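Here is how the chains run, residue by residue.
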Amino acid sequence: MLPIVAQIKIAAAQAINHLYPAAAVTDETILVNETKPEFAGDYTVVLFPFVKSLRQNPAVLGKAIGEYLLAHYPLFTAHETVAGFLNLTVADTELAAFLNHSYNDTQYGQKESNGQKVMIEYSSPNTNKPLHFGHLRNNFLGWSVAAILKANGYEVIKANLVNDRGIHICKSMIAWMRYADGATPESTGIKGDHLVGDYYVKFNDVYKREIDTLVTQGMDKEKAEKEAPIMLEAQELLRKWEAGDPEVYALWQKMNSWVYQGFDASYKKLGIDFDKMYYESDTYLLGKAIVEEGLAKGVLFKKDNGSVWIDLTADGLDEKLLLRADGTSVYMTQDLGTARLKYNDFHMDRSAYVIADEQNYHMQVLKLILQKLGEPCAEGIYHLSYGMVELPSGRMKSREGTVVDADDMVAEMIALAREQALEAGKTEDFAPEEQERLYDMVGLGALKFYLLRVEPRKKMIFDPKESIDLHGFTATFIQYAHVRICSVLRKNEIAYGQFTLGEGLAPLEKSLLLKIEQYPSILDQAAKEYNPSLVCNYAFQLAQLFNSFFAVHSINQAESEEKRQLRLMLVTMIGNVIRHAMSLLGIEVPQKM
RNA sequence: GGUCCGGUAGCUCAGCUGGAUAGAGCAUCAGCCUUCUAAGCUGAGGGUCAUUGGUUCGAAUCCAAUCCGGAUCACCA
């Protein structure tokens, strides 16, 4: 069934074209809004755009269109024109039919396959330190966008490009060699990613001290930064790694394996997963072939020292280096190669990269270069850029130890959920494992919702001193609405079936049905915009409406059996939509809390 | 300096393909549990939509300029 708003547009266009044959309006030109609460009606057609071209005053125009619509479309039962706005009332019977048809469809909102394939690359961690709060935004966004696209009929490949090589890993390695005395996750009981991260921090401590020492001895700071012994050793490790030194390689593998064990545990706790893993140690040499082809095509050029560049000044950008004078590749070179590799693996229609906005320029250049090189993957590339999560004091810096650790944050949120549940005192009769499951759902849900409810593009500031709320615009609020629905449905054994509409819908019943009817359109928009915050907002508004309804109307003690049936079906459907919407955010909903 | 992004209530954010008196949550204040879960509901106060100009019947929304904040422009990743 076509969304009501779309039906209204088509109907209104038809009405206008019928009444004023010269008008030739199309349904896209019709603007439909929700009617403001202070006026009678559900949806409003804005008449101003046609007032001039049709040379009619708004009142006459509205009356004519309204009458035509009522006469020809059972969708409407009333119309009223106020100051250029044609307010239309949707028929209760239409909404009743909609409810009868869909109330028990747990997949309501899910669309059929559209034959499109899209890759979402997200997470893409460095293997020298554990995940922090900022990474959580990336992971939740990527996972949720993938779920939203799936719900809209896309085939989705969730990809993770692990940055498992490079100087940063060597820093952890050298510090471990110097100071760890063979410490392992097993021997210390420290989670692997945290252990490796500790040595990354250690490296930076020692590095700073060595610089200070050199400066005290009279070296200038810039030179000291380059010549600090531990830095030279890290660089030497990187050279050995690239040369395939077996010992270095073995240590690298060992330490990475610790990190992966840690990441796996974190991902599992967070409910994050992937369909395809890429590793930079496999891909970092890719891209050189593309550069050679680009040179042959004349898209790229070589400078006197042998370095290879592309000139993007005509596009308002700069010249960009693609190969160093010594023939080694840079970050961009790899990304060109990886883009081609991904495309050859999957031939997807779109390829989205979930990467923080600090790389906006890089991603813009990447796409542009691929386009100029005529790579088939180029057009599908989309940068899902998101704002960084900052502390009140500014950006998190792992080197300075100001990061909010992801595992800690998760544990704190679950602890908070437990605390508030105990305060509410409603979970005492739960089995212990049932309690733990609930605290996980509430704590993790609150965390995910907090990070997803803001439009991705916007940066967010998180103050660790203030805990994430479990009231108001939160996952907990929505979970609680679901719990109330489950509770009602548990206590009302009814013979489900079609209900007949005698006495009409109460305003809140109608608002809820209209809201539910909008769900597929919301999913549509969320997919188009790669924007889970729309789903957050929608789920919250639905829960809010439900709570208002719940406070005013009794289901159990409904005015009539017919009403009871209607409300049971209505809340069944609300529950289904809430569960479905939350699942797209990676948030589970409990049955009791 | 060039480019890009943001600026809406004390705080955190919706609204931005132009439409009616700009909305939520938090915080503050006042009410509501003998009746389906009060992790809830109802109400109140709180606004120069950064500023100025323009386009328009109509601008938080579009355009221009300015101010503020951030990112980026490496033979780093």
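Look a little higher up for the structure.
The structure contained in this document is the topic of the report that follows. The model shown is predicted, which means the values in this text are computed figures rather than measured ones.

## Notes on the pairing of strand β9 (residues 308–311)
Sheet faces and side chains relate simply in a regular strand, where the side chains alternate between the two faces.
Then comes step 1: Two elements, strand β8 (residues 301–302) and β9, share 2 bridges in a ladder whose sense is antiparallel. Each bridged residue has a counterpart across the sheet, and for Lys302 the counterpart in β9 is Val308.
Then comes step 2: The hairpin turn running from β8 into β9, its antiparallel successor, is 5 residues long, and Gly306 in that turn takes a positive phi close to 100°.
Then comes step 3: Here β9 runs beside strand β10 (residues 319–323); their pairing, made up of 4 bridges, is antiparallel. Bridge assignment links Asp311 to a residue of β10, and that residue is Glu319.

## Comments concerning the protein's contact with RNA strand B
Then comes step 1: Lining the immediate surroundings of RNA strand B are 63 residues, of which Asn305, Asp318, Lys426, Arg484 and Ser487 lie closest.
Then comes step 2: The sugar-phosphate portion of RNA strand B accounts for 63% of its atoms within 4 Å of the protein, the bases making up the rest.
Then comes step 3: His471 is positioned with one of its side-chain polar atoms (N or O) 3.1 Å from a phosphate oxygen of RNA strand B.
Then comes step 4: Within the side chain of Lys491, an N or O atom sits 2.7 Å from a phosphate oxygen of RNA strand B.
Then comes step 5: Elements with a contribution of two residues or more to the surface near RNA strand B: β2 (43–46), α2 (48–54), β4 (85–90), α15 (360–372), α18 (475–491) and α21 (533–552).
Then comes step 6: By residue number, the principal contributor to the surface near RNA strand B is α18, which donates 8 residues.
Then comes step 7: In the surface near RNA strand B, the residues fall into 25 nonpolar, 20 polar and 18 charged.

## A look at the pattern of salt bridges
Then comes step 1: Applying the stated rule across the entire model yields 28 salt bridges.
Then comes step 2: Of the charged contacts, one joins Glu293 and Arg340 as a salt bridge, the two residues approaching to 2.6 Å between their closest N and O atoms. Within this pair, whereas Glu293 is found in helix α13 (residues 288–297), its partner Arg340 is found in helix α14 (residues 331–346), the two being separated by 47 residues in sequence.
Then comes step 3: Overall, the relative accessible area of 32% leaves Glu293 in the partly exposed class.

## Some points on the sheet that holds strand β14 (residues 394–395)
Then comes step 1: Taken in spatial order, the 3 strands of this open sheet run β14-β13-β15, and their pairing is mixed. Only two strands of the sheet have a single neighbouring strand rather than two, namely β14 and β15 (460–461).

## What to know about the side chain of Ser307
Then comes step 1: Structurally, Ser307 is set in the loop between β8 and β9.
Then comes step 2: The exposure class of Ser307 is buried, given its relative accessible area of 4%.
Then comes step 3: Within the local environment of Ser307, its side chain forms a polar contact with the side chain of Trp309, the two groups lying 2.8 Å apart.
Then comes step 4: Contacts of Ser307, omitting those with residues within four sequence positions, involve Phe301, Lys302, Leu321, Leu323, Arg324 and Ala325.

Cut-offs and rules
- Residues numbered from 1 in each chain as written.
- Chains lettered and ligands numbered in written order.
- Predicted model: local features only at pLDDT ≥ 70, side-chain atom pairs only at ≥ 80, totals over all residues.
- Heavy atoms only, no water.
- Pairing = 2+ DSSP bridges.
- Helix = DSSP H or I, 4+ residues; strand = E, 2+ residues; numbered from the N terminus.
- Near = heavy atom within 4 Å.
- Polar contact = N/O pair within 3.5 Å; in protein donor to acceptor, adjacent residues only side chain to side chain.
- Nonpolar A, V, L, I, M, F, W, Y, C, P; charged D, E, K, R; others polar.
- Salt bridge = Lys/Arg side-chain N within 4 Å of Asp/Glu carboxyl O.
- Buried < 20%, exposed > 50% of the residue type's maximum accessible area, 1.4 Å probe, protein only.
- Contact = heavy atoms within 4.5 Å.

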